[in-house]
Every structure is written in C-alpha cells, then in structure tokens.
Amino acid sequence: MALNLQKAEFVKSAAAPDALIRDALPKIVFSGKSNVGKSSVINRVLGREGFARVGAKPGRTAHVNYFKIDGRAYFVDLPGYGYAQVAREEKARWSRLMEYFFANMEFSLGVFIVDCRHRPTAEDVTMAGWFRETGSPVVVAANKRDKVKNSELQAKLDTIRESLELGDTEIIPFSARTGEGERRLAAFLEFAARGGAGA
Ligand SMILES: Nc1nc2c(ncn2[C@@H]2O[C@H](COP(=O)(O)OP(=O)(O)O)[C@@H](O)[C@H]2O)c(=O)[nH]1
Ligand SMILES: [Mg+2]
C-alpha cells in the first residue's frame, strides 16, 4: 500500500538522548542547516502548508521533532545548525545530541538538505560525514533549485557532490517552492517506509 503522506501527526519533541524514540517503526531523518528550507521541504512532501513551522527563529533550541506518517513511519526532524547567533552552550548541546543520535540511533533513510546555490559549509561537511558513517541510505535534496539558472545547475551539483564526498549518493535538485524533485523524493520515502528496521 502506498504511504499516505497526507496523514501526518506531530508526536514529540526530544531535547535529550533519553527522550529519543526507540520503537520499531522505520525512521526517516531530515537534517540541514538553519534556513535551508528543511521545514518547507517537509511541508511540501506532506502536501501541507504550515505543518512544520517555516521561518521560525532558527536554531534557538536543539530539539529532535518526531512526526508519525500514516501510522507507518516517522519523519525525524533534526535541529538545524549553523545559525551564527546561537549561544556557545546551545551549540555544544546541539553537538552532543547529534553525536549521540548518529552513534546510537538507527534509521531507514537520511534526507540531507543542502542549498543548491552555495558551496556546502564546514558544518554541512561534518553532517555528511555523520550520515556516511551510519552506513544507512541517504539522499541529498539540493533545495532552492528555483534560484539557480539551468545553465549553472550541473556545476552547482558537482560542487556539492565533491565537497560532501557523496560518491554515488543521489542528489535530487529540489524546490520546496515549485515542487521540483518532489516525486523523486517521495519515491525514496515510500521505499524507506516500506522497508526498514527502526529503532
Ligand atoms: N526560493 C525558495 N525559497 C525557499 C525554498 N525553500 C524554503 N525557502 C524559503 O527559505 C526560508 C527558510 O525556510 P524554512 O523552511 O523555515 O527553513 P528551515 O530553517 O531549514 O526549516 C523561508 O523564507 C522559505 O520560504 C525553495 O525551495 N525556494
Ligand atoms: Mg525549520
């Protein structure tokens, strides 16, 4: 049965490792720097405006948000990173939570969201390494593709692939604004929700 992406409910917001969800449902993990459009990508694939909050003041609190999709899988929304005005203790808390998460939590698919326009940041490179080390399937969504000229797209994608050492990981040119890439990403979500071991 197809995964009904319209059926989504917020489950919980976890601020510490012991609050992370460890049940057996497949988990699809979304990560990306603040303002890259992570909430917008989630809203786009769920076909809902305003479900994950867009443009909320970024990076204030490092929480892992869980949404249950069609009763069959979780979207796991990791806290955005790279917001300059975050206090040092808050950044340290983010690092500890993320290191714990990537070392201990299994997931069926990572959806790593980067900005199609720009060379990935040092923190994006770190995040790419964390995803790689899990050995779990990952797809990269190069969001805000609508801001990139067709003639420049391939060069942008090449830069992303090289700097993040993506190997043969798929990069989907994506636009939360226009919907480009949505069906391709939905195919990954569908497959992950059908397949995976959770916890
Ligand atoms: N042009 C364009 N703007 C986008 C796209 N996705 C998100 N945005 C804008 O980028 C800003 C940050 O989006 P948001 O979803 O809140 O980012 P988050 O901090 O990563 O969750 C908002 O102003 C969005 O409207 C996109 O694909 N294209
Ligand atoms: Mg957001």
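Fair warning: this is a prediction, and the values are worked out from it, not measured in the lab.

(A) Highlighting the overall build of the protein chain. The helix and strand inventory of the protein chain stands at 5 helices and 7 strands. For the protein chain, the N- to C-terminal ordering of α and β elements is β-β-α-β-β-α-β-α-β-α-β-α. Scaling as 2.2 N^0.38, a compact globule of 199 residues should have a C-alpha radius of gyration of about 16 Å, and the protein chain matches this with 16 Å. Once the C-alpha set of the protein chain is aligned to its principal axes, its extents read approximately 45 × 45 × 30 Å. Out of the 199 residues in the protein chain, the part that is buried amounts to 40%.

(B) A look at helix α3 (residues 122–134). With 13 residues, α3 extends 19 Å between its outermost C-alpha atoms, agreeing within 8% with the 18 Å of an ideal straight helix rising 1.5 Å per residue. Among all positions of α3, only D124, M127, A128 and F131 are buried. Along the axis of α3, the buried positions cluster into a sector of 105 degrees, meaning they face one direction only. Seen from the buried face of α3, the exposed residues on the opposite side, beyond 90 degrees, are A122, V125, G129 and E133. Along its buried surface, α3 packs onto β2 (27–32), β5 (109–115) and β6 (138–143).

Rules of the game
- Residues numbered from 1 in each chain as written.
- Chains lettered and ligands numbered in written order.
- Predicted model: local features only at pLDDT ≥ 70, side-chain atom pairs only at ≥ 80, totals over all residues.
- Helix = DSSP H or I, 4+ residues; strand = E, 2+ residues; numbered from the N terminus.
- Rg over C-alpha atoms; globule rule 2.2 N^0.38 Å.
- Buried ≥ 20, exposed ≤ 12 C-beta atoms within 10 Å, placed from the backbone.
- Expected span 1.5 Å × (residues − 1).
- Arc of directions from axis to C-beta.
- Contact = placed C-beta atoms within 7 Å.

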